[in-house]
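# Remarks on the overall topology
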Amino acid sequence: LLLLFCGVSCWFATGQSLDKIGQGRAFSLSGGVNVNQVAYAATGVEGRRDPYNYFMSGNLNIGLYGWNVPLSFSYSNQNASFQQPFNQYGLSPTYKWITAHLGYRSMTFSRYTLGGHLFLGAGVELAPTEKVKVAAMYGRLQKAVPIDTTNANNLPAYKRMGGGAKVTIGTASDFIEVMFFKAADEVNSINQEAFLPADRTTIDSTLVGTTTLVTPEENLVLGVGFSTSPIKGLLVKGEFASSAITTDVRSETVSSGKIYDNLGFLFNPRVSSAYYQALNGAVQYRFNRYSFGATYERIDPGYRTLGAYYFNNDLENIAMTHTSSWLNQKLNVNLQLGVQRNNLDNSELSSMNRFSTAVAANYQVNQRLTTTLNYSNFSTVVNFRPAIELVDQLTPFDNLDTLNFRQVAQNASSNINYILNERKERRQNLSLNFSFQQTDDIRAGELQNTGTTFYNFNSAYMVNLSQQGIVLSLSGNANVSQSVQAETLIFGPSASMRKAFMDNKLASSLTFSFNTARTNGQLSSRVINLRLGSNYTLKETHQFSLNVTALNRFSPQNETASQFSEFVTEFGYNYNFNLK
């Protein structure tokens with residue numbers, strides 16, 4: 001059974017190299033088992049979880065001359081699962097400059113064409129020279145799902161096959177690449193005709209009973225990309241893609257007046273066909289200590305490809321970037337300015353324009369003191385158009401008095417880190433953190449009283465006594481939230497201590513925190529948390545852990561459970577092995 005299992009593993013391994021077969025270690029076996037038990041009790045309130053839970057998990061990896069088969073399992077009194085690679089099997093053997101992908105694999109040509117979609121089939125990547133690369137694939141992108149009217153969650157689907165290729169010529173900074181991707185549904189892979197009304201002649205995602213009827217689709221994407229560095233420090237790159245989508249391959253063929261009329265078997269324009277474009281470009285120039293750049297991206301409304309699971313469309317992005325280094329590289333600055341808009345074809349009832357500003361600075365004053373500062377300002381403008389406007393408008397100049405909504409979000413944060421002592425026997429560190437966030441709403445030019453402001457402050461002190469094996473930490477935090485409805489303040493200290501024994505084989509820790517929350521000046525809650533933990537390692541393969549947590553909450557405004565306590569005890573065991 002073991003020999004058979006190892007033989008099967010050769011077919012289900014990933015990323016192996018054929019030229020190393022017969023080399024290295026013949027057989028290896030590694031894995032581990034983890035068992036955790038959790039006990040829970042509460043006083044003053046009904047228990048919020050089960051009084052006892054257990055969790056077990058494990059993993060096993062079998063290796064043969066560098067080929068690996070991983071298996072894992074998990075089991076508890078809440079849920080059970082078993083995972084192993086044979087449900088979706090595949091291998092990617094490599095020999096010199098040839099890599100094959102067989103079984104369940106995924107490949108990426110670009111974001112606009114084939115973007116990591118899982119397929120069952122075959123693929124290949126060739127790199128005969130440093131300046132020539134070829135990638136190709138073909139397989140099943142989606143299996144057929146028949147109609148099941150007894151299942152309300154049934155989502156029928158046609159069997160979808162797809163393939164494509166990509167050719168790249170050039171170096172990493174100077175290259176040109178062309179690519180295509182084709183996918184089509186098989187019309188006869190499922191039968192929907194029995195669920196159609198008698199007077200229907202087409203199927204266009206109509207809900208019949210509890211079943212959604214779908215249409216067989218076809219997609220062809222053509223793309224080209226490039227990158228060039230004409231002079232030292234200047235980099236120019238871009239990509240363009242055109243996607244033709246047919247939403248029902250049974251519809252009548254027509255002439256599109258585009259290049260797709262002359263592609264023969266690759267694509268046949270039909271009444272239900274639509275054509276979209278997507279492009280992006282970037283320019284960057286780098287000096288010794290400075291760099292400036294600009295990026296642009298535009299994706300037509302409705303653009304999609306059957307080679308990607310999800311795709312954002314109907315957007316246009318423009319951004320300017322800058323990085324620089326000052327004061328002998330002690331000060332580093334990053335700037336970004338951008339604008340984004342949608343509703344490119346003015347077909348939506350609302351359009352959005354978003355402006356963004358981001359600044360990040362890092363200043364290392366000396367070897368002990370480091371400071372950072374971040375600020376961003378995102379402004380979103382939404383233009384609402386009443387639906388009647390699209391009906392009664394006679395000229396483009398009618399109904400100009402539309403409703404504008406603007407939202408501004410500001411974020412700022414700073415950090416100061418200071419090393420008080422860095423001697424080997426004693427290390428001390430102090431850190432301060434502050435963050436701020438504010439949102440404002442502006443409608444018809446008037447500031448609305450709906451914004452929210454957040455403040456957060458945190459300070460921490462840590463000392464590491466390495467010779468005694470002790471680590472001490474003290475911290476304090478404060479959070480303030482201000483809105484029209486309420487002002488909330490949460491503050492409190494916390495402390496922790498960790499001690500190592502027996503050459504770090506045994507470690508114990510104690511953590512304490514006390515937090516108070518006030519809403520509009522009134523006490524809303526007070527929480528005390530105490531946690532005791534211990535970890536022990538035996539012969540490097542066995543690990544034992546024990547953690548006890550006690551929590552007490554006082555909420556004077558809660559009439560049913562103004563004060564209660566909860567207790568949690570966790571015991572864990574972990575075993576790892578590696579047989580070579």
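Residues numbered from 1 in each chain as written. Predicted model: local features only at pLDDT ≥ 70, side-chain atom pairs only at ≥ 80, totals over all residues. Heavy atoms only, no water.

### Some remarks on the overall build of the protein chain
Defined as follows: Helical segments are the DSSP runs of H or I of at least four residues, strand segments are the runs of E of at least two, and each set is numbered from the N terminus. Under the scheme applied here, a residue whose accessible area is under 20% of the maximum for its type counts as buried, over 50% as exposed, and between as partly exposed, the area being computed with a 1.4 Å probe on protein chains only. Contacts: residue pairs with any heavy atoms within 4.5 Å of one another. Only the protein chains shown count as cover for residues, and the accessible areas themselves come from Shrake-Rupley with a 1.4 Å probe.
Secondary structure assignment for the protein chain yields 2 helices and 30 strands. Here the protein chain holds 580 residues, and 30% of them are scored as buried. Taking the contacts inside the protein chain whose residues are at least 6 apart along the sequence as the reference set, 53% of them involve residues at least 24 apart. With the model as given, the accessible surface of the protein chain reaches about 34100 Å², and the carbon-plus-sulfur share is 57%.

### A closer look at the packing of aromatic side chains
Just so we agree on the cut-off: Put simply, two rings from Phe, Tyr or Trp (the six-membered ring, in Trp's case) pair if the centres are within 6.5 Å, and we call them stacked under 30 degrees between planes, edge-to-face over 60, tilted for the rest. Here, a charge over a ring is recorded when the distance from Lys NZ or Arg CZ to the ring centre is within 6 Å and its angle to the ring normal is within 35 degrees.
Overall, the coordinates contain 13 aromatic pairs when judged by the stated rule. Plain terms: the ring middles of Tyr52 and Tyr54 are 6.1 Å apart, the flat faces sit at 40° to each other, and that makes the pair tilted. Residue Tyr52 is classed as partly exposed on the basis of its relative accessible area of 39%. Grouping aromatic residues by their ring pairs yields a cluster made of Tyr52, Tyr54 and Tyr75. Just above the ring of Phe501 sits the side chain of Lys499; from NZ or CZ to the centre is 4.7 Å.

### Focus: the side chain of Ser272
To be explicit about the condition: Counted as a polar contact is a pair of N or O atoms within 3.5 Å, where, for protein atoms, one must be capable of donating a hydrogen and the other of accepting one, and residues adjacent in sequence contribute only when both atoms are in side chains.
With respect to the helices and strands, Ser272 occurs in the loop between β15 (234–246) and β16 (273–286). Separated by 3.0 Å, the side chain of Ser272 and the backbone oxygen of Asp248 make a polar contact. Sequence-distant contacts of Ser272, defined by excluding residues within four places in its chain, comprise Ile245, Thr246, Thr247, Asp248 and Ser251.

### What to know about the pattern of salt bridges
For the record, the criterion: When a carboxyl oxygen of Asp or Glu is within 4 Å of a side-chain nitrogen of Lys or Arg, the pair counts as a salt bridge.
Under the criterion given, the structure shown has 13 salt bridges. Put simply, Arg341 and Glu316 hold a salt bridge, and the shortest N to O gap is 2.6 Å. In this pair, Arg341 sits in strand β19 (residues 331–341) while Glu316 sits in strand β18 (residues 315–326), placing the two residues 25 residues apart along the sequence. When its relative accessible area of 13% is taken as the criterion, Glu316 is described as buried. Ionic pairing is found between Arg531 and Glu570, a salt bridge with its closest N-O pair at 4.0 Å. Here Arg531 is found in strand β28 (residues 522–538), whereas its partner Glu570 is found in strand β30 (residues 563–579), with 39 residues between them in sequence. Judged by its relative accessible area of 33%, Arg531 is partly exposed.

### So, the side chain of Ser92
Looking at the secondary structure, you find Ser92 in the loop between β5 (90–91) and β6 (94–95). One polar contact links Ser92 to His101, side chain to side chain, over a distance of 2.8 Å. In this structure the side chain of Ser92 is engaged in a polar contact, spanning 3.0 Å, whose partner is the side chain of Arg105.

### A closer look at unusual backbone geometry
Not every positive phi belongs to a glycine, and Asn346 is a case in point at roughly 55°. In this fold, Asn346 is placed in the loop between β19 and β20 (350–364). Exposure remark for Asn346: the relative accessible area of 55% places this residue in the exposed category. Look at Lys539: it is not a glycine, yet its phi comes out positive at around 55°. With respect to the helices and strands, Lys539 occurs in the loop between β28 and β29 (542–554).

### A look at a nonpolar patch on the surface
What counts is decided by this rule: Like-charged residues are merged into a patch within 9 Å and nonpolar side chains (Val, Leu, Ile, Met, Phe, Trp, Tyr) within 5 Å, provided each residue has over 30% relative accessible area and no salt bridge.
A cluster of nonpolar side chains, Leu510, Phe512, Ile528, Leu530, Leu532, Leu538, Phe544, Leu546, Val548 and Phe571, forms an exposed patch at the surface whose accessible area comes to about 770 Å². Of all the elements in the fold, those that place two or more residues in the nonpolar patch are β27 (506–519), β28 and β29. Its place among the elements puts Val548 in strand β29.

### Description of the nonpolar core
As a reminder of what qualifies: For our purposes a nonpolar core is just a set of buried Ala, Val, Leu, Ile, Met, Phe, Trp, Tyr and Cys residues, chained together by side-chain atoms within 4.5 Å.
Within the largest apolar cluster, 12 residues are counted, these being Met107, Phe109, Leu114, Phe119, Ala135, Met137, Leu141, Met179, Phe181, Ala183, Ile245 and Leu306. Mapped onto this core, the elements with two or more residues apiece are β9 (132–142) and β11 (175–185). Not counting the four nearest positions on each side in its chain, Phe119 is found in contact with Gly103, Tyr104, Arg105, Ser106, Met107, Met137, Tyr138, Gly139, Arg140 and Leu141. If you look at the next biggest cluster of nonpolar residues, it comprises 9 residues, including Tyr112, Tyr276, Ala278 and Leu315.

### What about the pairing of strand β1 (residues 27–43)?
Just so we agree on the cut-off: Two strands pair if DSSP finds at least two bridges between them.
Inspection of the sheet shows β1 paired to strand β2 (residues 52–64) by 13 bridges, in the antiparallel sense. Residue pairing in the sheet places Gln37 in a bridge with Tyr54 of β2. Pairing of β1 with β30, which is carried by 15 bridges, proceeds in the antiparallel orientation. Across the sheet, the residue bridging to Gln37 is Phe571, located in β30.

### Describing the environment of Glu239
Here Glu239 lies in strand β15. Between the C-alpha atoms of Glu239 and Val224, which are 15 residues apart in sequence, the distance is 5.8 Å. Those residues in contact with Glu239, other than ones at most four positions away along the chain, are Ser110, Tyr112, Val224, Gly225, Ala278, Leu279 and Asn280. A polar atom in the side chain of Glu239 sits 2.8 Å from the side chain of Ser110.

### Some thoughts on the environment of Gln142
Residue placement: Gln142 occurs in strand β9. Between the alpha carbons of Gln142 and Met161 there is a distance of 7.1 Å; along the sequence they are 19 residues apart. In this view, Gln142 contacts Ala157, Tyr158, Lys159 and Arg160; residues no more than four positions away in its chain are not counted. Here the side chain of Gln142 touches Tyr158 through a polar contact of 2.8 Å, landing on its backbone oxygen.

### Side note on the environment of Asn313
Position of Asn313 relative to the elements: it lies in the loop between β17 (290–299) and β18. On the basis of relative accessible area, Asn313 is assigned to the partly exposed category, the value being 29%. Contact partners of Asn313, with chain neighbours within four places excluded, come to Ile299, Asp300, Pro301, Gly302 and Tyr303. Separated by 3.0 Å, the side chain of Asn313 and the backbone oxygen of Tyr303 make a polar contact.

### Looking at the confidence of the model for the protein chain
Convention followed: Here pLDDT means the predictor's own confidence in every residue, given as a number from 0 to 100.
Here the protein chain averages 85 in pLDDT, while 83% of its residues score no lower than 70. Note that residues 197–211 has pLDDT below 50 and, in this model, 27 contacts with residues that lie over four places away or in other chains. Below pLDDT 50 for its whole length, residues 385–402 participates in 17 contacts with residues either more than four positions away or in separate chains.

### Points about the pairing of β16
In terms of strand pairing, β15 meets β16 through 13 bridges, oriented antiparallel. Across the sheet, Leu234 pairs through a bridge with Tyr285, a residue of β16. Here β16 runs beside β17; their pairing, made up of 9 bridges, is antiparallel. When the bridges of β17 are listed, Leu279 appears paired with Arg298. Once β16 ends, the chain turns through 3 residues before running back antiparallel as β17.

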